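Chain residues, written in single-letter form:
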Amino acid sequence: DDRAALAAGSTLLYGELLPRSVTQLWDAMGLRDAEVLLELGMGTGKVALQAFAELPQLRRVVGVELAPSRYKAGEIALLRLVAAMPERFAVDEHTEGCHIRIVEHGPDRCGPEGRSLEFRCGDMLQTDPADMRAADAVLMEVCLPSSLHPEVCRKTRELKPGAKVLCFADLPTVWPESL
């Protein structure tokens, strides 16, 4: 994990949001109407999973994590969720150690495709621009080295107008003049 972080120009400095604070975050960010949420730097995926559980209007939640061990913990959690509640959830796509997508199904779910929760192991700065354009909100509760701030700012330019961003870095103060 350390090597992967260093290769990406990042660190594995880790902080954690507590569940109660995360619940308060939805209202503070005005996410009660959001349909697509990205969590870039998801750690073990607890916040993405909590969003999926607490915000039923979300059609799609995608979490991306650079550290394979943290991703793996989230992947295992989703597999356990599906095993515990097969009448409600199913694995739609799964490449072990790389990607997992589960769907929520049933008569009271959002349309024929249902809702989805997806975890990916990879660099958040390589997130597909189409996913960025679809997002109503992006959470980046990671401590990024200042050397990555210009890249993060460039990545946020891929968001649609009105998308909301939560980031530990104060992006307006680090925004490069060249952007």
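Notes on the structure follow. Each chain has its residues counted from 1, running along the sequence as written. pLDDT decides what is reported in this predicted model: residues at 70 or higher carry local features, side-chain atom pairs at 80 or more are listed and counted, and totals for whole chains, interfaces and linings draw on all residues regardless. Side-chain calculation: all heavy atoms of the structure are included, whereas hydrogens and water are not.

Being paired, for any two strands, means DSSP has found at least two bridges between them. The way it works is that DSSP assigns letters per residue, a run of H or I at least four long becomes a helix, a run of E at least two long becomes a strand, and they are numbered from the N terminus. Reading across from one edge, β3-β4-β5-β2-β1-β6-β7 is the order of the 7 strands in this open sheet, with mixed pairing throughout. Unpaired on one side and paired on the other, β3 (89-95) and β7 (164-167) mark the two borders of the sheet. Taking each pair of neighbouring strands and ignoring which way they run, the sheet shows an average axis angle of 10°. The pairing of strand β6 (residues 137-140) with β7 spans 4 bridges and is parallel. A fitted line through C-alpha atoms serves as each axis, taken over the contacting stretch for helices, and the angle formed by two N-to-C directions is quoted from 0 to 180°.

Attention shifts here to helix α4 (residues 68-84). Between its first and last C-alpha, α4 extends 24 Å over 17 residues, near the 24 Å set by a 1.5 Å rise per residue. For every residue, the accessible area (1.4 Å probe, protein chains only) is compared with the maximum for its type, and the residue is labelled buried under 20%, exposed over 50%, or partly exposed between those bounds. Of all the residues in α4, the buried ones are Arg70, Tyr71, Gly74, Glu75, Leu78, Leu81 and Val82. For α4, the buried positions fall inside an angular range of 140° around the axis, keeping them on one side. Of the residues in α4, the exposed ones pointing more than 90 degrees away from the buried face are Arg80, Ala83 and Ala84. On its buried face, α4 is in contact with α3 (46-54), β2 (60-65), β3, β4 (99-104) and β5 (115-121). Expected helix span is given by 1.5 Å per residue-to-residue step, counting one fewer step than there are residues. Working definition: the arc comes from the directions between the helix axis and the C-beta atoms, pointing outward to the latter. We call two residues contacting when some pair of their heavy atoms lies within 4.5 Å.

To continue, consider the packing of aromatic side chains. Each pair of aromatic rings taken from Phe, Tyr and Trp, with Trp reduced to its six-membered ring, is defined by centres within 6.5 Å and is described as stacked if the planes are under 30 degrees apart, edge-to-face if over 60, and tilted in the remaining cases. Enumeration according to the criterion identifies 1 aromatic pair in this entry. Both rings, one in Phe52 and one in Phe89, keep their centres 6.3 Å apart while their planes meet at 45°; by these two values the pair is tilted. Of this pair, Phe52 sits in helix α3 while Phe89 sits in strand β3, and the two are 37 residues apart along the sequence. Residues Phe52 and Phe89 agree in their burial class; the two are buried. Each ring is checked for a lysine NZ or an arginine CZ that lies within 6 Å of its centre and within 35 degrees of its normal; such an atom marks a charge sitting over the ring. Lying across the ring of Phe52, Arg115 places its NZ or CZ 4.1 Å from the centre.

Moving on to the nonpolar core. To form a nonpolar core, buried Ala, Val, Leu, Ile, Met, Phe, Trp, Tyr and Cys residues must be joined to one another through side-chain atoms within 4.5 Å. Counting 26 residues, the largest nonpolar core has Trp26, Ile102, Leu117 and Phe119 as the members making the most contacts within it. Broken down by secondary-structure element, the contributors of at least two residues to this core are α2 (19-28), α3, α4, β4, β5 and β6. In this structure Leu117 touches Ala48, Leu49, Phe52, Val61, Leu78, Ile100, Arg101 and Ile102, once residues within four positions along its chain are discounted. Formed by 17 residues, the second largest nonpolar core is a distinct cluster that contains Leu125, Ala135, Met140 and Leu148.

Orientation of α2 relative to α3, taken along the N-to-C sense of each, is 55°, at an axis distance of 11 Å. As summarised for this structure, α2 and α3 are arranged oblique, according to the angle between their axes. Both α2 and α3 take part in a crossing whose hand is right-handed. Between α2 and α3, the residues in contact are Pro19, Val22, Thr23 and Trp26 and Val47, Gln50, Ala51 and Glu54, respectively. Roughly parallel means an angle under 35 degrees; roughly antiparallel means over 145; roughly perpendicular covers 65 to 115; every other angle is labelled oblique. When the near helix sits turned anticlockwise from the far one by under a right angle, the crossing is termed left-handed; a clockwise turn instead gives a right-handed crossing.

Moving on to the pattern of salt bridges. What makes a salt bridge here is a side-chain nitrogen of Lys or Arg within 4 Å of a carboxyl oxygen of Asp or Glu, nothing more. A complete count under the given rule lists 14 salt bridges for this structure. Between Arg32 and Asp27 there is a salt bridge; the shortest N-O distance is 2.8 Å. When the shortest N-O distance is used, the salt bridge between Glu35 and Arg59 registers 2.9 Å. With a gap of 24 residues between them, Glu35 in the loop between α2 and β1 (36-40) and Arg59 in the loop between α3 and β2 connect regions that are remote in the sequence. Overall, Arg59 belongs to the partly exposed group, its relative accessible area being 40%. Several salt bridges converge on common partners, so that one network encompasses Arg60, Glu118, Arg120 and Asp131.

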